[in-house]
Structures are given as C-alpha cells and as structure tokens.
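The chain contents come next:
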Amino acid sequence: MPHTTAFARNQWYVAAHAHEVGRELLGRTVLGEPLVLYRTEEDGTAVALHDRCVHRRYPLSEAPTRLDGDRIVCGYHGFTYDTTGTCVYVPGQKRVPRTARVASYPVAERDSLVWVWIGDPALADPDAVPRARHLDSPGWVTVRGMEPIDCDYGLLVDNLLDLSHETYLHGGYIGTPEVAETPITTEVDEDAGIVRVGRHMADAECPPFYARSTGLAGRISRRQDIEYHAPCLYLLHSRIAPAGADGDDSRAFRTEITYAITPSADGRVYDFWAVSRDWATDDAEVTEFLRANNHTVVMQDVDALNLLQRSLGAERAGYQELSINIDTGGLAARRILARLAEEGDKPVEPVS
Amino acid sequence: MTAARTGEVYRVDWLPGTDVLHGTCHCGAEHTAEDPVAMWAWMLAHPDGHDPRGNGS
Ligand code: FES
Ligand SMILES: [Fe+2]
Ligand SMILES: [Zn+2]
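Below is a short write-up of the structure. Bear in mind the structure is a predicted one, so any value in this text is a computation, not a measurement. (Residues numbered from 1 in each chain as written. Chains lettered and ligands numbered in written order. Predicted model: local features only at pLDDT ≥ 70, side-chain atom pairs only at ≥ 80, totals over all residues. Heavy atoms only, no water.)

### Quick look at the coordination of the iron ion (ligand 2)
Residues and elements named next belong to chain A.
In step 1: Protein-derived ligands of the iron ion (ligand 2) are His165 (NE2), His170 (NE2), Asp301 (OD) and Asp301 (OD), with the metal-ligand distances lying across 2.1 to 2.4 Å.
In step 2: Within one chain, the residues serving as donors to the iron ion (ligand 2) are arranged as H-x4-H-x130-D. Here histidine 170, found in the loop between α2 (165-169) and α3 (177-181), pairs with aspartate 301, found in helix α5 (residues 284-313); they are 131 residues apart in sequence, far enough to count as distant. In this structure, histidine 170 and aspartate 301 share a single accessibility class: buried. (Donors = N, O, S within 2.8 Å, 3.2 Å for Na, K, Ca; no water. Helix = DSSP H or I, 4+ residues; strand = E, 2+ residues; numbered from the N terminus. Buried < 20%, exposed > 50% of the residue type's maximum accessible area, 1.4 Å probe, protein only.)

Laid out in structure tokens, this is it:
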C-alpha cells in the first residue's frame, strides 16, 4: 500500500469519546488490533478486550454477543469472559481450558476520552497520557464527534500540522487569506515528542465560523498555536480578538480545538474532533452552530483525504513530493512519528 | 514512561516578509535556509556543522 506511515506501539491512543462507551458493546480497531469496549455495571470503569472470541474468533462487539452483568457472553456459542478477559464459562463442560482468555488492554479515562495502551502492558503508565483538560472542565462547553477516514494516518497528521489549507479547503468556514499568508514558527521538543506550530495574524478577516459565533464584526487578530503530542493528541489553541485589542484579554475569545488521531488499520484512521469554548457557554444556538459548522469543516477534510489516499494509491512507487515553508511543522511531526515507531518496535528493555 | 524532558528544543522561525527560515538548535547553533527539508537536515545533523557561536549557516 502506498503512503503507509509506520505505527508507533507502546503508546496511548484514544479509542473513544467517553460517552461512546457504555453498556452497549463498542467495536474499534486501533493499530490493527480489534477491540471491544464497554463499561462495568458496578463502577462504570471502561474495559477494553481483544474483540475476537478464542473459540472460533467471533467478534465480541457484534450481536448477538451481549453483556451479562460485567461479563461478555459470545453470541456464537456462549464462551463467557470477565473484565480481565479470562474465560469463566464454556458451554456443556465444567473444565474451562487454561488458555481460554482474550487479551485485555490497559485503559485510562482522562478528560472525557477513553485511552487504550497498545503495546506491552507492563510499560503502560497512565500518568503519561497527554491531557486536554478543557474537554471536561467546569466553565467549558464542548461539541464533538468522530469520523473514520480511509487514509493513512500520516495524511491526517500532515493536514492538521499545516493549517494553511484552511484558506483553500475551508474557505468560507474557518479559512481566510491571512492564514495561508502568515509565516509560522515551529518548535520541536524532542524528548517530550511535542511539535508546536504557531501562526499569529495581527490583522485578519474574521471567518464566518468565528464571526457568527462570537459576534465580532470587522478585522481581528487571530492566533493559532498548535501543540501536537505525537502520536495521538493534537491541540489547537485558538484566540481571536478585535484587531488592535490583541493584548486585551477581556475582549478575546479562546477556543480549544482538539483532535485525536488514532491509526485504525493500514490506510484507515479515526478522526476524533472537539471544539471547546469558555464564552457564550449557555447559548445553545452558538453550541449548535459550532457543532454543525465544525462537522462540515471536518467532512471537508475527510472528503479531501479519502480522495488524496485514493489518488496516491494510483501513483507509481517512489513518487515525489515538494515541501515548502508551510510544511516545516508537518515534516517535524513525520520525523517524530518515525522515531516513535522505531522505538515501539524495539525489544523491550528490562524495566529498571 | 514519559521520556525525561531534557529541554532539547529545536526552533525554526519563518522570518516575516521573507521566504527565509531561521533555525536554532538546542545547542544554540543557528542556520538559515529557504527550504524546510534542508533546514531539518541541517538541524538533525547536530552536532555536525553546529557552531554554538551562531555561524552555522
Ligand atoms: S466463537 Fe465465541 S463461543 Fe464460539
Ligand atoms: Fe482542515
Ligand atoms: Zn546543534
């Protein structure tokens, strides 16, 4: 397959928004591993198990597989698993084979996101989950969604690290001429695996997305500060204010745009998105506008990336790209991902 | 589990009003280029060609 970015194992990935995980079995594939997710009845803890029954590999996320209390009963012949993945019942006999278990995955629920650890469970440290506190903080309102895209996850990373595409792909929504025209600064924190891309526009048109939600008419100062915690979490700190009032926080609107970029399989990625604001929080019309408008914007990216992947798939091997200044952050992200993939493939060192 | 933050930060500024990228390595070496591929190639070659007194270009 053309354009396949290597997966980085031994990392946390967002498998779901918290509200998606409940008493219905949810199937998700992360880094090629099929998972079934649910919440326990007892204390609401999210559980992630391998989504294939050990017996004949029926997908446990598919009906008529069901929950019986906190146990999963396979819908094909009734093998029953507890929250650790241990098979506790097989039909017709008393002895449950010792090897009858499905893998269970470390789970960390943070900031209304359900993270799963893909890799060696012994290395999973929940404190290493990157945070997005605005998603679940008092005083903030969030709209959100998830769209699967049939493209290499590297294409989505590229897309999000270079916001100059807003001007062209999202013109009339979030793009204005100034985005593509304004130089960026790029910072790479090598050890933390963070890429920061900043674009500060002193005097810009206010795009409809913000004009209609904030009521700002006229020129604005607009700052976009990206913080990409490779491989999965992408934060865009957005701030707009009337032009000339850039230093005046009382007239500024801060919006946090969050993406989780979760590789699903080769050529497939989950695009989790969220828009959070701490202004006009009780205005339901603004909430609905931002939800609908951002969904439209996300779908513009989804359509473009589906198309891009198909067209890359039709290319001869070894096609060339041409990078220019706007790509400085995207290139940095690619390199960090390659390093993380390499580290995740290394044999595990003994934990000291 | 998280790698220790040793503060190794690479920075590339696209100089306003120009097509020039100005890079600063965590060692203090600086470099200019008009192409991000060339810029990262220089940056990641650290310490090769990195003069901390700022004459890396
Ligand atoms: S496949 Fe699950 S019990 Fe047979
Ligand atoms: Fe986009
Ligand atoms: Zn250096």
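Once the structure has been displayed, the description carries forward.
### Quick word on the nonpolar core
All names here are of chain A.
In step 1: Core analysis: the largest hydrophobic core is formed by 101 residues, its most contacted members being Trp115, Leu161, Tyr228, Tyr234 and Ile261.
In step 2: Looking at which element gives the most residues to this core, the answer is α5, with eight residues.
In step 3: When residues no more than four places from it in sequence are discounted, the contact partners of tyrosine 234 are Leu160, Leu161, Leu163, Ile226, Glu227, Tyr228, Ile257, Thr258, Tyr259 and Ile261.
In step 4: Listed in part, the 16 residues of the second largest apolar core include Val36, Val90, Ala100 and Val102. (Core = buried A, V, L, I, M, F, W, Y, C linked by side-chain atoms within 4.5 Å. Contact = heavy atoms within 4.5 Å.)

### A closer look at empty space enclosed by the protein
Residue and element names in this part refer to chain A.
In step 1: Overall, the coordinates contain two cavities of 30 Å³ or more when judged by the stated rule.
In step 2: Approximately 170 Å³ is the volume found for the largest cavity.
In step 3: Glu166, Ile174, Leu236, Ile257 and Tyr259 are the residues nearest the centre of the largest cavity, which is lined by 19 residues in total.
In step 4: Of all the secondary-structure elements, those providing two or more residues to the lining of the largest cavity are α1 (153-161), α2, α4 (208-214), β14 (220-229), β15 (233-242), β16 (253-265) and α5.
In step 5: Tallied by class, residues from the lining of the largest cavity come to 10 nonpolar, six polar and three charged.
In step 6: Approximately 40 Å³ is the volume attributed to the second largest cavity. (1 Å grid on protein atoms, 1.4 Å probe; cavity = no way out; pocket = protein on both sides within 12 Å on 5 of 7 lines; lining within 4 Å. Points joined across faces, edges and corners; volume = space filled by probe spheres on them. Nonpolar A, V, L, I, M, F, W, Y, C, P; charged D, E, K, R; others polar.)

### Some remarks on the sheet that holds strand β5 (residues 66-68) of chain A
Residues and elements named next belong to chain A.
In step 1: Read from one edge to the other, the open sheet built from four strands follows the order β5-β6-β7-β8, with strand pairing classed as antiparallel. At either margin of the open sheet sits one strand with a lone partner, and together these are β5 and β8 (87-89).
In step 2: As paired elements, strand β6 (residues 71-73) and strand β7 (residues 80-81) share two bridges and run antiparallel to each other. Note on β7: the bridge partner recorded for isoleucine 72 is tyrosine 81. (Pairing = 2+ DSSP bridges.)

### Quick word on the packing of α1(A) against helix α6 (residues 328-345) of chain A
In a packed pair of helices, the relevant descriptors are the angle between the two axes and the axis-to-axis distance.
Residues and elements named next belong to chain A.
In step 1: For the pair α1 and α6, the least separation of the axes is 8 Å and the interaxial angle reads 145°. Once α1 is placed against α6, the crossing between them reads as right-handed. Here Tyr153, Val157, Asp158 and Leu161 of α1 lie close against α6, whose contacting residues are Gly329, Gly330, Ala333, Arg334 and Leu337.
In step 2: For the contact of α1 with α6, the per-class residue count stands at five nonpolar, two polar and two charged. (Axes fitted to C-alpha atoms, helices over the stretch in contact; angles between N-to-C directions. Left-handed = near helix turned anticlockwise from the far one by under 90°.)

Don't take any of this as a statement about function, it's just geometry.
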